[in-house]
Amino acid sequence: MVALFKKDLYWIALVFSILTPSVSAQAILVGNGKVSVTDLDFEAEIARIPQEHRAEVLASKARIGKLIESLLVNKTLAAQARKEGLDKIGSINAQINIATEKILASSQMNKIVQKAILPDFEGRANEIYKTNLDKYAVSEKVRVAHILVQLKGRTEAEALERAKMVRDLAISGTSFESLAIEYSDDPSVKSNKGDLGFFEEGRMVKQFSDVAFAMTTSLQISSLVKTNFGYHIIQFIERQPKKTKTFSDVRAEIIKDLTEKHLNEIRKITVAEILSDPSLKLNEDAVNKYQISGGDLKQGELVK
């Protein structure tokens, strides 16, 4: 499959075609003289991937190649199987039919759900919000930066001396960020430059959290704080007081939940209508022969 993507232009054109509806005849992506993989085959395979992950797949030339390669292998083996008549064997033919019916059933259920007329959930959403205010409470948070001086590789006295020196530099006005970059042993300093962002009380180890939440003044420098990780110098940045999210903050989330519950109810009703069809008849003897042990299945129990 390496040759398939020798030219980036071909790959870009392929990705673009997958992201836009097909309006012309099927394009053959790859073939071996016996079978071919078309753009519709590829689009059908992509549709099997959860929507939130599709862009990630389509952004990778290697993953696109692997999918097409897999389709080619499966199509080739399937063609060989048909040539040998495997699709005519009763049990295999039944599996083919069941797989087809599962796809059609899923498509039909999706069509039913898509056609459903949704109620106006605005009033219900507002009611849910007002009766569950505690659920939408946001705890107090603080944002701090820190510099960590580890004990690892140092004696207690060496670590303490280094931490005191760094703290003195911070108090004297040296940029806390530059000190963190130069002296902090926290591996995350490479990406956050010492800034830990906002966190709730209790999120960090107790000694650290207690000091951070006791600080009140922006850019205030703490005394040395010792934890199991070593000595910390903490710089207070800001505080977010406890608050309750507004209805506008959570409206979309509540309505999405109500919509999904409504659609699930439609799915349940659709299934229940099929299983409660008065024309449904159960061949109890034929079904019960498959059960190894236990009670027999009776007419009417399919709906339970």
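Residues numbered from 1 in each chain as written. Predicted model: local features only at pLDDT ≥ 70, side-chain atom pairs only at ≥ 80, totals over all residues. Heavy atoms only, no water.

Lay out the overall build of the chain with the relevant residues and their values.
Along the backbone of the chain there are 12 helices and eight strands. Expressed as a percentage of the 304 residues in the chain, the buried residues total 27%. In the chain, once contacts between residues fewer than 6 apart in sequence are set aside, the share between residues at least 24 apart is 62%. By element, 55% of the accessible surface of the chain is carried by carbon and sulfur atoms, the whole surface being about 20,700 Å². (Helix = DSSP H or I, 4+ residues; strand = E, 2+ residues; numbered from the N terminus. Buried < 20%, exposed > 50% of the residue type's maximum accessible area, 1.4 Å probe, protein only. Contact = heavy atoms within 4.5 Å. Areas by Shrake-Rupley, 256 points an atom, 1.4 Å probe, with all protein chains shown as cover.)

I'd like a description of the layout of surface pockets, backed by residues and values.
Looking at the largest pocket, its volume works out to about 900 Å³. Taken together, 23 residues line the largest pocket, and the ones lying closest to its centre are Arg48, Asn74, Arg82, Ala99 and Ile103. Elements supplying a minimum of two residues to the lining of the largest pocket: helix H2 (39-47), helix H4 (61-83) and helix H5 (90-115). With nine residues, H5 is the single largest residue contributor to the lining of the largest pocket. Taken together, the residues of the lining of the largest pocket sort by class into 11 nonpolar, six polar and six charged. If you go around the second largest pocket, the residues you meet are His146, Leu148, Gln150, Asp186, Pro187, Leu196, Met204, Val205, Phe208, Phe229 and His232. Considering only residue class, the lining of the second largest pocket consists of seven nonpolar, three polar and one charged. (1 Å grid on protein atoms, 1.4 Å probe; cavity = no way out; pocket = protein on both sides within 12 Å on 5 of 7 lines; lining within 4 Å. Points joined across faces, edges and corners; volume = space filled by probe spheres on them. Nonpolar A, V, L, I, M, F, W, Y, C, P; charged D, E, K, R; others polar.)

Lay out the packing of aromatic side chains with the relevant residues and their values.
To describe a pair of aromatic rings, you give the distance between the ring centres and the angle between the ring planes. Tallied over the entire structure, the rule returns four aromatic pairs. Between the aromatic rings of phenylalanine 199 and phenylalanine 213, the centroid separation amounts to 6.0 Å while the plane-to-plane angle is 75°, which identifies the pairing as edge-to-face. Taken together, the positions of phenylalanine 199 in strand E5 (residues 195-200) and phenylalanine 213 in helix H10 (residues 206-214) put the pair 14 residues apart, joining distant regions of the chain. By the ring-pair criterion, three or more aromatic residues cluster together here, those being Tyr129, Tyr136 and Phe247. (Phe/Tyr/Trp six-rings, centres within 6.5 Å; stacked < 30°, edge-to-face > 60°.)

Talk me through helix H8 (residues 176-183); I want residue IDs and the actual numbers.
What sets the pattern is the α-helix's 3.6 residues per turn: residues three or four places apart point alike. Among all positions of H8, only Phe176, Leu179, Ala180 and Tyr183 are buried. Take H8 and look down its axis: the buried residues cluster within an arc of 100°, on one side only. Where the residues of H8 are buried, they touch strand E4 (141-149), helix H7 (156-171), helix H9 (189-192) and strand E7 (230-240). (Arc of directions from axis to C-beta.)

Break down the environment of glycine 33 for me, with residues and values.
Tracing the backbone through its elements, the reader meets glycine 33 in the loop between strand E1 (28-31) and strand E2 (36-38). C-alpha separation for the pair glycine 33 and threonine 76, spaced 43 residues apart in sequence, amounts to 9.9 Å.

Break down the environment of asparagine 126 for me, citing the residues and quoting the values.
Relative to the assigned elements, asparagine 126 resides in helix H6 (residues 122-131). According to the relative accessible area criterion, asparagine 126 is partly exposed, its value standing at 24%.

How would you sum up the confidence of the model for the chain? Please name residues and give values.
On average, the chain scores 89 in pLDDT, and the residues at 70 or more come to 88%. Here helix H1 (residues 8-19) is the element of the chain with the lowest mean pLDDT, 48, and E4 is the one with the highest, 98. This stretch, residues 1-13, has a pLDDT under 50; its non-local contacts, to residues over four places away or in other chains, come to 21 contacts. (pLDDT = per-residue confidence, 0-100.)

Lay out the nonpolar core in plain terms, naming residues and giving numbers.
The biggest cluster of nonpolar side chains holds 15 residues, and the ones touching the most others in it are Ile147, Phe176 and Ile233. When contributions to this core are tallied by element, the ones reaching two or more residues are E4, H7, H8 and E7. One finds Ile49, Ile68, Leu71 and Leu72 within the second-largest nonpolar core, a separate group that totals 14 residues. (Core = buried A, V, L, I, M, F, W, Y, C linked by side-chain atoms within 4.5 Å.)

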